[in-house]
Amino acid sequence: MADARFYRNAGPFRLDEIAQAVGAEIISDGDGERTLEDVASLQSAGPRDLCFFTHPKYRDDFLGSKAGACILDAAKTEKLGTMPKGTAILASKDAYRAFGEAVALFYPEVDGLDVSSADGSQLKKTDSDAYVAVDAVLEEDVNLEAGVVVGAGARIGRGTSIGAHTVIGRGVTIGRNCAIAPHVSISYALIGDGVIFHPGVRVGQDGFGFAMGPQGHRKIPQVGRVLVQDDVEVGANSCIDRGFLDDTIIGEGSKIDNLVQIAHNVVLGRGCIIAGQSGVSGSSKLGAFVAIGGRVGISGHIELGDGAQVAGNSGVPRDVPAGEIHAGYPAKPIALWRREVAALAKLARGKHKD
């Protein structure tokens, strides 16, 4: 269930109401009177939740699902054959787009960087020219520089410093002894202790989710959070998107360089290192102490095991086993990549002699 500090759930809805709203057909275990209370990911959905299934990597999760209902592409229903017991199946021409419509049905008021309170309470100006919501909670020795905005229900721990013109969104929690630089924005996020954000960091904005099609690209509401654990450092102008349904997680002690993009639902383990201008695509998982060189691109829905490393300027399209070092475009075990580079150089020199 989406965090009530950030999102308002408009449910519950009957299954037949959902099917009509998203243009889907109930084809299995189809009790239209069944009531669903929320949307959830395939892995976390329970008997009162609606989920969706499109990516073949998650077939086992689908077959073992405990969801009350699941939206599938109509073309895939015959190929799958077996369906999870007790899960109502809704068939759609475009399951991802239909699920996006369902998310919007349950959460019609997903805002951007919102600082307002439910009762319309105003921000109050402080002696340091910051603006703080009346119900925000600041512990002792919190330093707010000029132009800071702290939204409704936000909490900031003892000894934390917030730089000029930084905006802290509604419901955000920031731990103790953090250093948040000027011109940072934080929304839909829970931040641990001892965290450092350099200037221009953006945390908690929309994940980049669109159902593409000739009729236009349907924006998919993002109703997850960002969890930043203790002692994380994030470089200037880096962005960490909030999750789609589950959370984006930055593991304890991880260090992220300048100009890095972390997409929705990404999970970084403890002690990860990511160098500048790299990007991690949605739903990828990095284990503990993974090291990523500069200008690396990591595809979505893949896993890098504990201690894996990727050399700079590489593109990673598939899983990297724990402890391995990969390089190249596409990335492969570094010994193989070096042999390929040497062989190409040898061929080039031979052609030149001719």
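Owing to the predicted nature of the structure, the values given are computational and were not obtained by experimental measurement.

1. Here we look at the overall build of the protein
No. 1: Along its length, the protein carries five helices and 40 strands.
No. 2: For the protein, the proportion of its 354 residues judged to be buried stands at 48%.
No. 3: Long-range contacts, defined as pairs at least 24 residues apart, comprise 27% of the intrachain contacts of the protein with a sequence gap of at least 6.
No. 4: Accessible surface, the protein: about 16600 Å² in total, of which carbon and sulfur atoms supply 52%.
No. 5: Between the centroid of the 36 positive side chains of the protein and the centroid of its 43 negative side chains there is a distance of 8 Å.

2. A closer look at the sheet that holds strand β8 (residues 123–125)
No. 1: Taken in spatial order, the 11 strands make up an open sheet running β8-β9-β12-β15-β18-β21-β26-β29-β32-β35-β38, and their pairing is mixed. The open sheet is flanked by β8 and β38 (315–316), the only strands paired with a single partner.
No. 2: Where strand β9 (residues 131–133) and strand β12 (residues 149–150) come together, two bridges link them in parallel fashion. Its bridge partner being in β12, Y131 is matched across the sheet by V149.

3. Comments concerning a negative patch on the surface
No. 1: On the surface, D193, D230, D231 and E252 cluster together into a patch of negative charge.
No. 2: Mapped onto the elements of the fold, D230 is located in the loop between β24 (226–228) and β25 (233–234).
No. 3: With a relative accessible area of 32%, D230 lands in the partly exposed category.

4. Some points on the side chain of Q222
No. 1: Here Q222 lies in the loop between β23 (218–219) and β24.
No. 2: One polar contact links Q222 to H264, side chain to side chain, over a distance of 2.7 Å.
No. 3: Among all residues touching Q222, those that are not within four sequence positions of it are Y7, V110, D206, G207, G209, R242, G243, F244 and H264.

5. Regarding the state of the cysteines
Here, the word disulfide means a covalent bond between the sulfur atoms of two cysteines.
No. 1: Summed over all chains, the structure comprises zero disulfides.
No. 2: Free cysteine C51: the closest other cysteine sulfur is in C70, separated by 3.6 Å.
No. 3: On the basis of relative accessible area, C51 is assigned to the buried category, the value being 0%.
No. 4: A relative accessible area of 1% means that C70 is categorised as buried.

6. Let's talk about the environment of K125
No. 1: In this structure, K125 sits in strand β8.
No. 2: The sequence separation of K125 and V149 amounts to 24 residues, and the corresponding C-alpha distance is 9.2 Å.
No. 3: With near-sequence residues (within four places) excluded, K125 lies in contact with A130 and Y131.
No. 4: Only 3.4 Å separates the side chain of K125 from the side chain of D129, close enough to count as a polar contact.

About the cut-offs
Residues numbered from 1 in each chain as written. Predicted model: local features only at pLDDT ≥ 70, side-chain atom pairs only at ≥ 80, totals over all residues. Heavy atoms only, no water. Helix = DSSP H or I, 4+ residues; strand = E, 2+ residues; numbered from the N terminus. Buried < 20%, exposed > 50% of the residue type's maximum accessible area, 1.4 Å probe, protein only. Contact = heavy atoms within 4.5 Å. Areas by Shrake-Rupley, 256 points an atom, 1.4 Å probe, with all protein chains shown as cover. Lys, Arg positive; Asp, Glu negative; His and termini not counted. Charge placed at Lys NZ, Arg CZ, Asp CG, Glu CD. Pairing = 2+ DSSP bridges. Patch = residues over 30% accessible without salt bridge, like charges linked within 9 Å, V, L, I, M, F, W, Y side chains within 5 Å. Salt bridge = Lys/Arg side-chain N within 4 Å of Asp/Glu carboxyl O. Polar contact = N/O pair within 3.5 Å; in protein donor to acceptor, adjacent residues only side chain to side chain. Disulfide = S-S within 2.5 Å.

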